[in-house]
Amino acid sequence: MLPFDELLVAVGEFGPYQKRLCMLSCITGIFFAFLYVGVVFLGSTPGHWCREPGGETIQEMCGWTEEEFRQLTVPRSTLGTFSSCQRFDVDWNITRVDCGNRQDDPSSLNNTRLAPCTNGWAFDPSLSTIVSEFQLVCENAWQADLNQAFLNVGLLLGALVIGYGADRYGRKLCFLISIFGFGISGIGMIFSPNYMVLLVIRIIQGVFGKGAWMSAYVLGKITEIVGSDQRRLVGTVAQLFFTAGVIILPGIAYLIPSWKTLQFSITAPCFLFLVYYWLLPESPRWLLSMKRTTEAMEIVKHMAKKNGKSLPQDYITPGLEDNLSSNPVPWDVFKTPQMKKITLILMYAWFTSSVVYQGLIMRTGIVWGNLHLEFFITGVVELPSALLFYLTVDWLGRRIPFAVSNIIGGLSCLATAFIPEDISWLKTAIAIIGRLGITLGFEIVYLISTELYPTTLRNLGVSVVSSLSDIGGIAAPFLLFRLASVWTELPMVLYGLMSLIYGALVFLLPETKGIDLPESTEDIEALKSVTLKKDFQYIGK
């Protein structure tokens, strides 16, 4: 049998052909970022207060502004801010108000009994979000958390369903179906008649969004058609496009305050990716694994031509057909002792990466103020992690930066929790270091997951382990807000401990630096975990 990686050497491991496909595929990462973190803006909570239909008549009669009306009808909290969930227990339809003496009215109501909002809420008119659309505040606020949770349910289902389909029916077909479904569901979300329908659509959007991202990045279009020495560069570029989406999104959201227009703006361009039917080929590595040698060799010949190479006749051999075709099932990732160990560790890695990464993003809404500006800053902070990823994973190997990034991230989270608030500069600096470490670890887990499964199981294997990130995403908002209600920094303690365990487990994985992508389960079993001593030998190379 002739390994596919030998073909790549002959036709060019990262020539103009692969570079073009890499750029085309990585662009999808921008829109996956919009999906993954878009809820921060689509589902933000505008300023709100109890709606008073009778009072609105008085406001109109007296010609008061919204602020003047609130001064009269909305009680204040102990902090002096307007109450969002309580109102004066007054029937404004029968209450006489002196339009010219409104400043004295609030004090006259100081001893008036308060009551919950019974007529719904009025929202800051400058911002329209899913929360204001469906009145998800006060006693209904918990329902707002379901938005991201249901999206992660869809991401989980997409990882399993589309992942299985891509290994059985091909990467390209699943990508095209997923990108079309992603666009339709994203626009359909705008027309949701009620919140329950929106949640169902979020699941569908998650399924297709995850399928499109995985098919484009993790599998056929990028990691399966470049040499092992170029995978870090491809991984870096893909992460930069995702980070670009994180950085661009707050600017778009700032310019478009209506959630429906924003949702349309970040979804509709996805239909342009359907032209990839003519621009992207099927993965030749997958075609060979399915014994479709003729189709695979046509793509390889075209690749050689575009790279200015000539494919020697010796490479076109029946030996390629010796690759085994199979119909994988999810439990195949536990088939051998080595694969079982790898899968369990990667499951915990993906779960922890998601809980901590999403938790740190959502935490900005708890501890900081200007949402658009601070979200932009958190995106910019991720840029150095891409550079660190590129510089370290081939110099030090995969395991050392993978483990150390999570250990540093974990220690930073623990330190941030116990640094006093009056040393804010130090608290912020340590938090940024922690965010860098966690982001770098998340980037490496993408790469190493594609390197630890054979071709016939690669899509399914990555789908199974990455599905734990979606379970982590479901748990993340509940862990953050419930723990923060006990102590604001308690989530950071949890993140720190989880990350330290994560970093220690990474040392049990085999090193994949410079190793060809495995073609069979036998190749996986042949990977032996290198000792810690040998890991550090990479530093001197």
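Only a predicted model underlies this, so the values are computations on that prediction, with no experimental measurement involved.

Colleague: Help me understand the overall build of the protein in this model?
Modeller: A count of helices and strands for the protein gives 25 helices and 4 strands. Counting across all 541 residues of the protein, residues that qualify as buried make up 57%. In the protein, the proportion of contacts linking residues at least 24 apart, taken out of those at least 6 apart, comes to 83%. Accessible surface, the protein as shown: approximately 22,300 Å² in total, 64% of it carbon and sulfur.

Colleague: I keep staring at the pattern of salt bridges and nothing clicks. Help me out?
Modeller: Side chains that differ in charge, positive against negative, can pair when their charged atoms come close. This model, assessed by the stated rule, comprises 9 salt bridges. The residue Glu133 makes a salt bridge to Lys260 at a minimum N-O spacing of 3.5 Å. A residue pair is termed long-range when its members are at least 10 positions apart, and Glu133 in helix α8 (residues 130-133) and Lys260 in helix α13 (residues 259-267) qualify at 127 residues. Note that Glu451 is salt-bridged to Arg398, the shortest N-O span being 2.8 Å. One end of the pair, Glu451, is in helix α21 (residues 424-451); the other, Arg398, is in the loop between α19 (383-392) and α20 (399-418), with 53 residues separating them in the sequence. Each of the two residues, Glu451 as well as Arg398, counts as buried. Among the charged side chains, a network of salt bridges with common partners joins Arg363, Glu421, Lys427 and Glu489.

Colleague: Please explain the packing of aromatic side chains as it appears in this structure.
Modeller: Two aromatic rings are characterised by how far apart their centres lie and by the angle between their planes. Going through the model one piece at a time under the given rule, you end up with 20 aromatic pairs. Aromatic pair Trp213 and Tyr446: ring centres 6.4 Å apart, planes at 80°, arrangement edge-to-face. Taken together, the residues Trp213 in helix α11 (residues 195-218) and Tyr446 in helix α21 connect sequence positions 233 residues apart. Each member of the pair, Trp213 as well as Tyr446, is classed as buried.

Colleague: Explain the side chain of Arg363 here, please?
Modeller: Following the sequence through the fold, Arg363 ends up in helix α17 (residues 337-367). Taking relative accessible area as the criterion, Arg363 reaches 11% and is therefore assigned buried. A polar contact of 2.8 Å, which involves the side chain of Arg363, links it to the side chain of Glu489. Excluding its chain neighbours within four sequence positions, the residues that come into contact with Arg363 are Thr416, Leu480, Glu489 and Met492.

Colleague: In this structure, what is going on with the state of the cysteines? I would like to understand it.
Modeller: Formally, a disulfide is one covalent bond, and it connects the sulfur atom of one cysteine to the sulfur atom of another. In total, this model carries 2 disulfides according to the counting rule given. Sulfur-sulfur distance for the disulfide between Cys50 and Cys117 comes to 1.8 Å. Judged by the sign of its S-S torsion, about -65°, the cystine formed by Cys50 and Cys117 is left-handed. Of the two residues, Cys50 sits in strand β1 (residues 48-50) while Cys117 sits in the loop between β3 (114-116) and β4 (121-123), which places them 67 residues apart along the sequence. There is no split in this pair, since Cys50 and Cys117 are both buried. At a sulfur-sulfur separation of 2.0 Å, the disulfide partner of Cys85 is Cys138. Judged by the torsion about the S-S bond (-95°), the Cys85/Cys138 disulfide is left-handed. Placement of Cys85 in the loop between α6 (66-73) and β2 (86-88) and of Cys138 in the loop between α8 and α9 (142-169) is noted, with a sequence separation of 53 residues between them. Cys26 carries a free sulfur, and the closest cysteine sulfur to it, the one in Cys22, is 3.9 Å from it.

Colleague: When you look at helix α1 (residues 4-11) in this model, what are you seeing that I'm missing?
Modeller: Side chains that are three or four residues apart share a direction in an α-helix, a result of its 3.6 residues per turn. Here α1 lies mainly inside the structure; 6 of its 8 residues are buried. The set of residues buried in α1 consists of Phe4, Asp5, Leu7, Leu8, Ala10 and Val11. Phi turns positive, to about 110°, at Gly12, one or two residues after α1.

Colleague: What should I look at first to understand the nonpolar core in this one?
Modeller: The nonpolar side chains of a soluble globular protein tend to be buried with one another. Within the largest apolar cluster, 125 residues are counted, with the highest numbers of intra-cluster contacts made by Ile130, Leu346 and Phe402. With 13 residues, the single largest contributor to this core is α17. Discounting residues that sit within four places of it in the chain, Leu346 has contacts with Val445, Ile448, Ser449, Leu452, Tyr453, Val465 and Leu509. The next biggest cluster of nonpolar side chains, apart from the first, holds 7 residues, and it includes Leu72, Phe88, Val90 and Trp92.

Colleague: How should I be thinking about the packing of helix α10 (residues 171-188) against α13 in this particular structure?
Modeller: When two helices pack together, their arrangement is given by the angle between their axes and by how far apart the axes lie. Contact geometry for α10 and α13: axes closest at 9 Å, N-to-C directions at 170°. Of the possible angle classes, the one that applies to α10 and α13 is roughly antiparallel. Every residue of α13 that contacts α10 at Phe182, Gly183, Gly186 and Ile187 is listed here: Gln263, Phe264 and Thr267. Classifying every residue of the contact of α10 with α13 gives 3 nonpolar, 4 polar and no charged.

Rules used in this analysis
- Residue positions are given per chain, counting from 1 as you read along its sequence in written order.
- Per-residue local features are limited, in this predicted model, to residues with pLDDT of at least 70; the limit for side-chain atom pairs, both in listing and counting, is 80 or more; totals at the level of whole chains, interfaces and linings are taken over all residues.
- The side-chain quantities take in all heavy atoms of the structure and omit both hydrogens and water.
- Helix and strand labels come from DSSP, where a helix needs a run of H or I of at least four residues and a strand needs a run of E of at least two; each type is numbered from the N terminus.
- For every residue, the accessible area obtained with a 1.4 Å probe (protein chains only) is divided by the maximum for its type, and the residue is called buried under 20%, exposed over 50%, and partly exposed between those limits.
- Should any heavy atoms of two residues lie within 4.5 Å, those residues are considered in contact.
- Here the Shrake-Rupley method, with its probe set to 1.4 Å, supplies the accessible areas, and only the displayed protein chains count as covering residues.
- Throughout this description, the term salt bridge denotes a Lys or Arg side-chain nitrogen within 4 Å of a carboxyl oxygen of Asp or Glu.
- Ring pairs shown here join Phe, Tyr and Trp side chains whose ring centres sit within 6.5 Å, with only the six-membered ring taken for Trp; geometry is labelled stacked below 30 degrees between planes, edge-to-face above 60, and tilted in between.
- Definition of a polar contact: a pair of N or O atoms within 3.5 Å, with one able to donate and the other able to accept a hydrogen when the atoms are protein atoms, and with sequence-neighbouring residues admitted only if both atoms are side-chain atoms.
- Note on terminology: disulfide denotes any pair of cysteine sulfur atoms within 2.5 Å.
- Residues belong to a common nonpolar core when they are buried Ala, Val, Leu, Ile, Met, Phe, Trp, Tyr or Cys residues joined through side-chain atoms within 4.5 Å.
- Axis geometry follows a simple rule: fit a line to the C-alpha atoms, using only the stretch in contact for helices, then measure angles between N-to-C directions, giving values from 0 to 180 degrees.
- Here is the rule for angles: anything less than 35 degrees is roughly parallel, anything more than 145 is roughly antiparallel, 65 through 115 is roughly perpendicular, and the remaining ranges are oblique.
- For this classification, Asp, Glu, Lys and Arg are treated as charged, while Ala, Val, Leu, Ile, Met, Phe, Trp, Tyr, Cys and Pro are nonpolar and the rest, including Gly, are polar.

So, to be careful, I would describe these as geometric facts and stop short of saying anything about function.
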